[in-house]
Amino acid sequence: MSDDNLRKITLTRTGERDYEAENPRGGRLTFGEGQSADFTPVELLLTAIAGCSAIDVDYLTTRLAEPTQFDVAAEAEKLRDHEGNHLGEVRITFTVRFPAGPEGDAARTRLPDAVAKSRDRLCTVSRTVQLPTPVDYVIT
């Protein structure tokens, strides 16, 4: 694996079920189990899926027109069954509006294809969730 392809974060416990993640560029994000306003890990996963696809769709549509509205929602039911704890089907909903005129029309026309490309090929996060991806746990 080359350094160009490696994605990495570090995580530090900052309190009882409170954590801070840091990326190699110095960005920091706090989260916990839901006892505060901080995001939970499940909410971060939904954010990552929605955010990844939002960036893809943004790239593919805003070349044609700047949106007047660009909102993305992500939701899934948290399940506990014979497979353990997991999420059910994840739904990503795009609400995107473009201005009237030829550029806006072109962006509106491209929107469904942009969302499909993100879902089927481009979004690393949703593709990782959709594909069988091994997760290896190591104790040092």
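Anything mentioned here points back to the structure above.
Residues numbered from 1 in each chain as written. Predicted model: local features only at pLDDT ≥ 70, side-chain atom pairs only at ≥ 80, totals over all residues. Heavy atoms only, no water.

Chemist: Would you take a moment to explain unusual backbone geometry for this structure?
Modeler: Negative phi characterises most residues that are not glycine, and trans characterises most peptide bonds. Phi at R17 is positive, roughly 55°, even though this residue is not glycine. Here R17 lies in the loop between β1 (10–15) and β2 (18–22). (Helix = DSSP H or I, 4+ residues; strand = E, 2+ residues; numbered from the N terminus.)

Chemist: Is there a simple way to think about the nonpolar core in this case?
Modeler: One broad rule of soluble globular proteins: the nonpolar side chains tend to lie buried together. Formed by V57, L60, A65, F94, V96, F98, A107, L111 and A114, the largest nonpolar core amounts to nine residues. When residues of this core are traced back to their parent elements, those giving at least two are α1 (41–61), β7 (91–97) and α2 (102–122). Of all the elements, α2 adds the most residues to this core, at three residues. In this view, F98 contacts T61, A65, E66, P67, T68, G104, A107 and R108; residues no more than four positions away in its chain are not counted. (Core = buried A, V, L, I, M, F, W, Y, C linked by side-chain atoms within 4.5 Å. Buried < 20%, exposed > 50% of the residue type's maximum accessible area, 1.4 Å probe, protein only. Contact = heavy atoms within 4.5 Å.)

Chemist: What exactly am I supposed to notice about the pattern of salt bridges here?
Modeler: Opposite charge on two side chains permits pairing when their charged atoms draw close. Applying the stated criterion to the full structure yields eight salt bridges. Here E20 and R28 are joined by a salt bridge, their closest N and O atoms 2.7 Å apart. For E20, a relative accessible area of 22% translates into the label partly exposed. Under the relative-accessibility criterion, R28 is labelled exposed at 53%. Salt-bridge contacts for D120 lead to R119; the nearest nitrogen and oxygen are separated by 2.6 Å. What makes R119 partly exposed here is its relative accessible area of 42%. In this structure, a network of salt bridges that share partners links the residues E16, R17 and E33. (Salt bridge = Lys/Arg side-chain N within 4 Å of Asp/Glu carboxyl O.)

Chemist: Can you help me understand α1 in this one?
Modeler: Residues spaced three or four apart along an α-helix face the same direction, because each turn holds 3.6 residues. For α1, spanning 21 residues, the distance from its first C-alpha to its last is 30 Å, which sits close to the expected 30 Å at 1.5 Å a residue. Of the surrounding secondary structure, the elements contacted by the buried residues of α1 are β4 (69–75), β6 (84–87), β7, α2 and α3 (124–130). (Expected span 1.5 Å × (residues − 1).)

Chemist: Help me understand the packing of α1 against α2 in this model?
Modeler: In a packed pair of helices, the relevant descriptors are the angle between the two axes and the axis-to-axis distance. At a minimum axis separation of 9 Å, α1 and α2 run at an interaxial angle of 140°. Here α2 runs oblique to α1, going by the angle between their axes. Classified by chirality, the crossing of α2 by α1 is right-handed. Residue-level inspection shows S53, D56, V57, L60 and T61 of α1 in contact with α2, the latter providing A107, R110, L111, A114, V115, K117, S118 and L122. Grouping the constituent residues of the contact of α1 with α2 by class yields seven nonpolar, three polar and three charged. (Axes fitted to C-alpha atoms, helices over the stretch in contact; angles between N-to-C directions. Parallel < 35°, antiparallel > 145°, perpendicular 65-115°, else oblique. Left-handed = near helix turned anticlockwise from the far one by under 90°. Nonpolar A, V, L, I, M, F, W, Y, C, P; charged D, E, K, R; others polar.)

Chemist: Looking at this structure, I do not really get α2. What am I missing?
Modeler: The largest bend in α2 is about 35°, located at L111, with the proline P112 one to four residues further on. For α2, the set of buried residues is G104, A107, L111, A114, A116 and S118. On its buried face, α2 sits against α1, β7 and α3. (Bend = angle between axes of the 7 residues up to and from the residue.)

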